[in-house]
Amino acid sequence: MPSHFLTHLSLQEQVDYVESCQQRVAADTVVREAKTTLALTAGDFTYDLPADLIELEGIYNDTVALDDLTISELMAVLSGTGASNYLGPQGYAVVGRTLYVLPTPAAADTLTLVYVQRPPAFDSQAELELDGAEREILEALLDGNVVFDRGETEVGSAALARYMVEAQRRRAHNRGPVGPHLPVIGNDVFL
Amino acid sequence: MPYLPAPGTETIEPSPPLDFLRMRLRMSAIEEELFDDMHLLEHFSEAYQRACERSRALQAITEVALDGSQEYQLPPDHHRTLSVYLHGYELDRIPTRNALREGLFGYYEYGTTIGVRPTPPSGGSLFLLYARSPEMFAMYEDVPEAGFPPEFYHLLVHYARWKAATVAGGAQRIGQAAMEKDQFDLGVALLRTRNRRINSARPARVIHVLEHPRRRFAGRLGNDVDAG
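Residues numbered from 1 in each chain as written. Chains lettered and ligands numbered in written order. Predicted model: local features only at pLDDT ≥ 70, side-chain atom pairs only at ≥ 80, totals over all residues. Heavy atoms only, no water.

**Q** Just checking my understanding: could you explain the domain arrangement of chain A for this structure?
**A** How big an interface is tends to be expressed through the accessible area that disappears when the partners come together. Residues and elements named next belong to chain A. Partitioning chain A into structural domains gives domain 1 (4–32 + 121–189) and domain 2 (34–116). A C-alpha centroid distance of 30 Å is found between domain 1 and domain 2. Each partner contributes to the roughly 430 Å² buried at the junction of domain 1 and domain 2, and carbon and sulfur atoms together form 46% of this total. When the area that domain 1 buries against domain 2 is broken down by residue, the three leading residues are V30, R32 and R175, summing to 67%. Between the two partners, domain 1 and domain 2, sit 3 salt bridges. At the boundary of domain 1 and domain 2, one finds 3 residue pairs in polar contact (both at pLDDT 80 or more). Of all the secondary-structure elements, those providing two or more residues to the side of domain 1 that touches domain 2 are α1 (11–29) and α4 (153–175). For the side of domain 1 that touches domain 2, a count of residues per class yields 3 nonpolar, no polar and 3 charged. (Domains from an automatic or database assignment. Buried area = accessible area lost by both parts, 1.4 Å probe. Salt bridge = Lys/Arg side-chain N within 4 Å of Asp/Glu carboxyl O. Polar contact = N/O pair within 3.5 Å; in protein donor to acceptor, adjacent residues only side chain to side chain. Helix = DSSP H or I, 4+ residues; strand = E, 2+ residues; numbered from the N terminus. Nonpolar A, V, L, I, M, F, W, Y, C, P; charged D, E, K, R; others polar.)

This is how it looks when you write it as structure tokens:
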């Protein structure tokens, strides 16, 4: 059952609120993960990221993870040797919505992208794409937004603050115990 | 089973995002006499531009072909230069007031111009990483760029309500304005963090200073400047 705050609104407004909140909860909690393939063409090292990508989690060539380059490394390569003369292992960097693959592929190839995916647009005949704890905080966010928009700023503000805390908790939960490994000075890094 | 108890079988799709945001504002906070639709669109545009610029959400790399000149035009959508590379090395920024001094190595900027010291010979390219400014909205059917994703559209509402509450005045409205501004600022900070994670700007690994492609001591006067 949708939030009782929604029932005072027109169906169009209900659809808009649910769509907006669902997009926000999906991004804040990184709950939907997906995998897709990207076809590389020979001689081309820039590609558009998928339109429904929220965050990129990794890129694989078969079972080998591509090196995750920083923008500094990418810029040094582009302005130095050039993408086609990059000598390191196959790697990638992201700037804006553009994916750079180094070195420039010499032949057609396929990469697999693992990413956090945006849900499809919600419509009046659709079921929610989120369930469980994410569905609960989606409904809390819906309430918070409607209350805020009706002019009850303090109540709405408190609801949004509670939402942020819950969303962070779900984000940490959905990321799982194995996060990106950060080097520890004195342990992984020998100065 | 559909989430909304929709009467009939007609499928209702979501409105264009700016239409929905306008509806949210009209629910209570912003009376039409105070701000008409065109004013609201201006506020949305302003919020969109500020959020993108402050968070550096829209980033791009451009290549400037060197023709032997010292100065070149920045791209029209340039907001802030993030880094400049030449022949594999990152250039340091020279304060514009020092741009004409002898013996400096790096780049400087003023207005829509970027200059390189010493003047590079023709051939090769300068690589510029910069934060872009988005185009303003011209109509309610416009959609923000993908770099400003749907989960941040609510920032435009908070910004417009902040502006409206400030204009309306009164003790209660001023308190509300502060809350709206807080929501906008928090959102911009979050957008910046998210984009740092999406763009490859996170510290992926620790690089020893000797490996970092930067001319150390660059920009200083004296013997340690490699002017060649």
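And the narrative resumes.
**Q** Which parts of the structure should I look at to understand the side chain of A:E19?
**A** Structurally, the position occupied by A:E19 is in helix α1. No salt bridge is formed by the buried A:E19; its nearest oppositely charged neighbour, A:R118, is found at 7.7 Å. Residues contacting A:E19, with those up to four places away along its chain left out, are A:P120, A:A121, A:F122 and B:P14. (Buried < 20%, exposed > 50% of the residue type's maximum accessible area, 1.4 Å probe, protein only. Lys, Arg positive; Asp, Glu negative; His and termini not counted. Contact = heavy atoms within 4.5 Å.)

**Q** When you look at the packing of aromatic side chains in this model, what are you seeing that I'm missing?
**A** Two measures describe an aromatic ring pair: the distance that separates the ring centres and the angle between the ring planes. Residue and element names in this part refer to chain B. According to the stated counting rule, one finds 10 aromatic pairs over all chains in the structure shown. Ring centres of F44 and Y140 lie 6.5 Å apart, and the angle between their planes is 85°; on these two criteria the pair is classed as edge-to-face. One end of the pair, F44, is in helix α2 (residues 37–55); the other, Y140, is in the loop between β7 (125–132) and α3 (154–168), with 96 residues separating them in the sequence. What makes F44 buried here is its relative accessible area of 0%. The buried category is assigned to Y140, whose relative accessible area is 8%. Considering the side-chain rings of Y159 and W162, the 5.3 Å spacing of their centres and the 85° angle between planes classify their relative orientation as edge-to-face. Here Y159 and its partner W162 are both found in helix α3, 3 residues apart, which amounts to about one turn of the helix. (Phe/Tyr/Trp six-rings, centres within 6.5 Å; stacked < 30°, edge-to-face > 60°.)

**Q** Can you walk me through the sheet that holds strand β8 (residues 109–117) of chain A in this structure?
**A** What holds strands together in a sheet is hydrogen bonding between their backbones, with the strands either parallel or antiparallel. Residue and element names in this part refer to chain A. Within the open sheet, the 4 strands sit side by side as β1-β8-β3-β4. Their pairing is antiparallel. Each of the sheet's edge strands pairs with one partner strand only, and the pair in question is β1 (33–40) and β4 (64–65). The sheet contact formed by strand β3 (residues 53–61) and β4 spans 2 bridges and is antiparallel. Bridge assignment links Y60 to a residue of β4, and that residue is A65. (Pairing = 2+ DSSP bridges.)

**Q** I tried to follow the environment of B:S28 on my own but got confused; where do I start?
**A** Residue position: B:S28 is located in the loop between α1 (17–26) and α2. Linking B:S28 and B:G88, residues 60 residues apart in sequence, is a C-alpha distance of 55 Å.

**Q** Quick question: what am I supposed to make of the packing of α1(A) against α4(A) here?
**A** A pair of packed helices is characterised by two quantities: the angle between their axes and the separation of those axes. All names here are of chain A. Contact geometry of α1 with α4 gives a least axis separation of 7 Å together with a crossing angle of 50°. What the angle tells us is that α1 and α4 run oblique. Across the interface between the two elements, R24, V25, A27, D28 and T29 of α1 pack against Y163, M164, A167, R170, R171 and N174 of α4. Across the contact of α1 with α4, the residue classes break down as 5 nonpolar, 2 polar and 4 charged. (Axes fitted to C-alpha atoms, helices over the stretch in contact; angles between N-to-C directions. Parallel < 35°, antiparallel > 145°, perpendicular 65-115°, else oblique.)

**Q** Would you mind showing me how to read the interface of chain B and chain A here?
**A** Facing 59 residues of chain B, the contacting portion of chain A comprises 68 residues. Carbon and sulfur atoms supply 60% of the area buried between chain B and chain A, which totals about 5,400 Å² over both sides. Summed over the shared surface of chain B and chain A, the result is 4 salt bridges. Of the charged contacts in the structure, one is a salt bridge between B:R194 and A:D28, with a shortest N-O distance of 2.8 Å. Between chain B and chain A we count 17 residue pairs in polar contact (both at pLDDT 80 or more) in total. Elements with a contribution of two residues or more to the side of chain B that touches chain A: α1, β1 (59–65), β3 (78–86), β7, α3 and α4 (171–198) of chain B. Ranked by the residues each element gives to the side of chain B that touches chain A, the list is headed by α4(B), at 8 residues.

**Q** Looking at this structure, how should I read the packing of α2(B) against α3(B)?
**A** Residue and element names in this part refer to chain B. Where α2 meets α3, the closest approach of the two axes is 9 Å, and the angle between their N-to-C directions is 120°. Judged by the angle between their axes, α2 and α3 are oblique. Seen from above, α2 lies across α3 with right-handed handedness. Contact with α2, carried on its side by H43, F44, E46, A47, Y48, R50 and A51, involves L155, L156, V157, Y159, A160, W162 and K163 of α3 and no other residues of that element. Residue classes in the contact of α2 with α3 are distributed as 10 nonpolar, 1 polar and 3 charged. (Left-handed = near helix turned anticlockwise from the far one by under 90°.)

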